[in-house]
Amino acid sequence: MSIKQYIIGLLALASVACNDYLDVQPSKTTSLVPSTTDHLEYLLNDYNTFYMENNYTAVFSSDDFGLYTDIYNVQPIAYPLETVEFALWDLDYLPAASSDNFWTGEYEKIFIANMVLEYIPQVSGDEATKARLKAEAHLVRAYSLWELANTYCLPYTEANKGELGLVLKQSTSFDESEERATLEATYQLIEQDIQEALKSDVELTMVNGKYQTWRASLPAAYAFAARYYLFRNNYGEALNYANKALEKHSELMDYNTDMRYSATVPTVTINPGTENEEVVEILYPYTHDSQSDMNDRLEWREFYYFRVLSNGYWWFLPATELMDLYDKDYDLRWKYHYVENYSYDRGLTSPAYEWPGYIFFFKDQIPSGPTVAEMLLIKAECQAREGNFAEAMVTVNQLRAARMDNTAPADRINLSAASQAEAITQILEERRREMPFTMRWFDIRRLNNNDDANDDVEALTREFYPYNNSGVLIKEPVQTYTLEKNSRRFAQPILNTEIETSQGAIQQNTY
């Protein structure tokens, strides 16, 4: 579905939404439009529209995801073809896919933000409310533009700033250009939106025992600004905004007291009908329990801004390299988020093949919006990069105190470093442990394009079968797939249907 088709649908939905709010039947001859600030509140208050990010590049394309022939040989359905294409950085078949829920979903959010900005001058309501809604709409748009730019565009560098950026939608008009702006213009708009979002005067507040993180706030704007400036390698500004966010909200979930296993322990029969038949348990964290009940997500106190990375295939399949980063004796993230026997849940039971799954919220969602943990990691990294590596280790150990078993020896809980380079390495590894999948692809892009060659992530490689648009060619010899560290494939291809619907105005990435 193209941007334009989405906008048509959204216009219809917006009319229905406003109509539902007013409890008036829609007219066949008139177009309902927002007329009060309450109508705009209604649009922004629907967190179901905003919270999910269906970014399969983030899920499958980084070295956090494990693509293994052994697993495929046991159960091919473990790797649906689309996951293979993303994991192998495909260029031949992904552009011809029928849909891209991430592209359309983020442009839906941008459209709603633009609708709010467009109608603020026209609707009735007090000026303070209008100012708050304006700041929030700018944050919504900045956040989605940043996510899109870090997926479909090359990393921002001085050399790349003239490369293709995004289609910069800033209105609800069909007549607005669908040509891609430059990468420089894209980032200029993101930064302008951030500055507008920082004009918010809304603090994080509790509603029915939950921080209202599904709506924008000043702490959320601070936190997103810290992320933005980290990725621009502007460590002074990133540190400034991380500190501002932490001054407003610094509550961590202590895994020693706030995490537990689910009271429901499902069982699976493995190797059925053989002498090795066995019934095994699968221990999930409590946050797994319900797909439809949002309470666990909204009660996660570390959020500044409620967003999750969603995987519709229900298996964040961790790579060996990622799992090897954890202290398996004392790291409570390993205990609760890496669910042993999860491969049995996904059908690898006959013959049995055990591989964990990374589980956070149900089976399909991981926090991706800015959190207190992320701000501590940004603060620590910026301190280290600016030469204050001893202070950086104090900062990162604040996070570890809430993640490591408090009965562990002190030298297992606390990280230490004897140099700036060692501190940066330790902090980046902690960042990967804390935010697998959600940030790794983005991090690889920035680490390979900053001024520090010591943190470069060299070429990504995978060993897997050939494939075509019909499936995996399991009878063919295994191949080595390589993504060089400065490959242009760090920009995901745009769907052909988007290009066709725009009548060629949208230009494909060049590879």
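Residues numbered from 1 in each chain as written. Predicted model: local features only at pLDDT ≥ 70, side-chain atom pairs only at ≥ 80, totals over all residues. Heavy atoms only, no water.

Peer 1: Account for the layout of surface pockets, with residues named and values stated.
Peer 2: Here the largest pocket is characterised by a volume of approximately 300 Å³. Considering the residues around the largest pocket, the lining is formed by 18 residues, among which Thr425, Leu428, Glu429, Arg440 and Leu447 are closest to the centre. Of all the secondary-structure elements, those providing two or more residues to the lining of the largest pocket are α19 (420-434) and α20 (440-447). When residues of the lining of the largest pocket are assigned to their parent elements, the largest contribution, seven residues, is made by α19. Counted by class, the lining of the largest pocket contains eight nonpolar, two polar and eight charged residues. (1 Å grid on protein atoms, 1.4 Å probe; cavity = no way out; pocket = protein on both sides within 12 Å on 5 of 7 lines; lining within 4 Å. Points joined across faces, edges and corners; volume = space filled by probe spheres on them. Helix = DSSP H or I, 4+ residues; strand = E, 2+ residues; numbered from the N terminus. Nonpolar A, V, L, I, M, F, W, Y, C, P; charged D, E, K, R; others polar.)

Peer 1: Can you lay out the packing of helix α8 (residues 127-152) against helix α10 (residues 218-231) for me, pointing to particular residues and giving the numbers?
Peer 2: The interhelical angle for the contact between α8 and α10, taken along N-to-C directions, is 25 degrees, at an axis separation of 11 Å. Looking at the two axes, α8 sits roughly parallel to α10. As α8 packs across α10, the resulting crossing turns out to be left-handed. Note on element contacts: α10 touches α8 through Ala220, Ala221, Phe224, Arg227, Tyr228 and Phe231, opposite Leu139, Ala142, Tyr143, Trp146, Glu147 and Asn150. Across the contact of α8 with α10, the residue classes break down as nine nonpolar, one polar and two charged. (Axes fitted to C-alpha atoms, helices over the stretch in contact; angles between N-to-C directions. Parallel < 35°, antiparallel > 145°, perpendicular 65-115°, else oblique. Left-handed = near helix turned anticlockwise from the far one by under 90°. Contact = heavy atoms within 4.5 Å.)

Peer 1: Outline empty space enclosed by the protein, supporting the account with residue identities and numerical values.
Peer 2: Throughout the structure, instances matching the rule amount to eight cavities of 30 Å³ or more. What lines the largest cavity is a set of 16 residues, and nearest its centre among them are Phe360, Pro367, Thr371, Glu434 and Met435. Partitioned by chemical class, the residues of the lining of the largest cavity number eight nonpolar, four polar and four charged. Estimates place the volume of the second largest cavity at around 90 Å³.

Peer 1: I'd love a proper account of the packing of aromatic side chains, names of residues and values included.
Peer 2: For the structure on display, the rule yields 46 aromatic pairs. Residues tryptophan 103 and tyrosine 107 carry aromatic rings whose centres are separated by 5.0 Å and whose planes lie at 55 degrees to one another, so their mutual orientation is tilted. Of the two residues, tryptophan 103 and tyrosine 107 both sit in helix α7 (residues 101-119), four residues apart, roughly one turn of that helix. Like tryptophan 103, the residue tyrosine 107 is buried in the burial classification. The residue whose ring lies beneath arginine 307 is tyrosine 143, and the NZ or CZ to ring-centre distance is 5.4 Å. A cation over a ring is seen here: arginine 307 above tyrosine 305, with NZ or CZ 4.3 Å from the ring centre. (Phe/Tyr/Trp six-rings, centres within 6.5 Å; stacked < 30°, edge-to-face > 60°. Buried < 20%, exposed > 50% of the residue type's maximum accessible area, 1.4 Å probe, protein only. Lys NZ or Arg CZ within 6 Å of the ring centre and 35° of its normal.)

Peer 1: Provide a residue-level description of helix α16 (residues 372-385), including the pertinent values.
Peer 2: Across its 14 residues, α16 extends 20 Å between first and last C-alpha, which sits within 8% of the 20 Å expected from 1.5 Å per residue. The buried count for α16 comes to 14 of 14 residues, which makes it a mostly enclosed element. Positioned one or two residues after α16, glycine 387 has a phi angle of 100 degrees, which is positive. (Expected span 1.5 Å × (residues − 1).)

Peer 1: Before we move on, could you go through the nonpolar core and cite the residues and values that matter?
Peer 2: Residues Tyr79, Trp300, Tyr304, Met375 and Phe464 are the most contacted members of the largest nonpolar core, which totals 157 residues. For this core, the leading source of residues is α10, giving 12 residues. The contacts of tryptophan 300, once residues within four sequence positions are left out, are Met253, Tyr255, Met259, Tyr286, Thr287, Phe360 and Phe361. (Core = buried A, V, L, I, M, F, W, Y, C linked by side-chain atoms within 4.5 Å.)

Peer 1: Requested: an account of unusual backbone geometry, with residues and values cited.
Peer 2: Between serine 350 and proline 351 the backbone carries a cis peptide bond, its omega angle lying at 5 degrees. Mapped onto the elements, proline 351 comes out in the loop between α15 (342-345) and β10 (357-358). The phi dihedral of asparagine 341 is positive, around 70 degrees, even though this residue is not glycine. With respect to the helices, strands and loops of the structure, asparagine 341 is situated in the loop between β9 (338-339) and α15. Residue asparagine 341 is classed as buried on the basis of its relative accessible area, which comes to 13%.

Peer 1: For the sheet that holds strand β11 (residues 365-367), give the residues involved together with the corresponding values.
Peer 2: Judged by pairing direction, the sheet is mixed, and its three strands sit side by side in the order β1-β8-β11 without closing on themselves. Every interior strand has two partners, whereas the edge strands, β1 (52-53) and β11, have only one. Of the pairings in the sheet, the one linking β1 to strand β8 (residues 308-310) comprises two bridges and is parallel in character. Bridging from a neighbouring strand, methionine 52 pairs with valine 308 of β8. (Pairing = 2+ DSSP bridges.)

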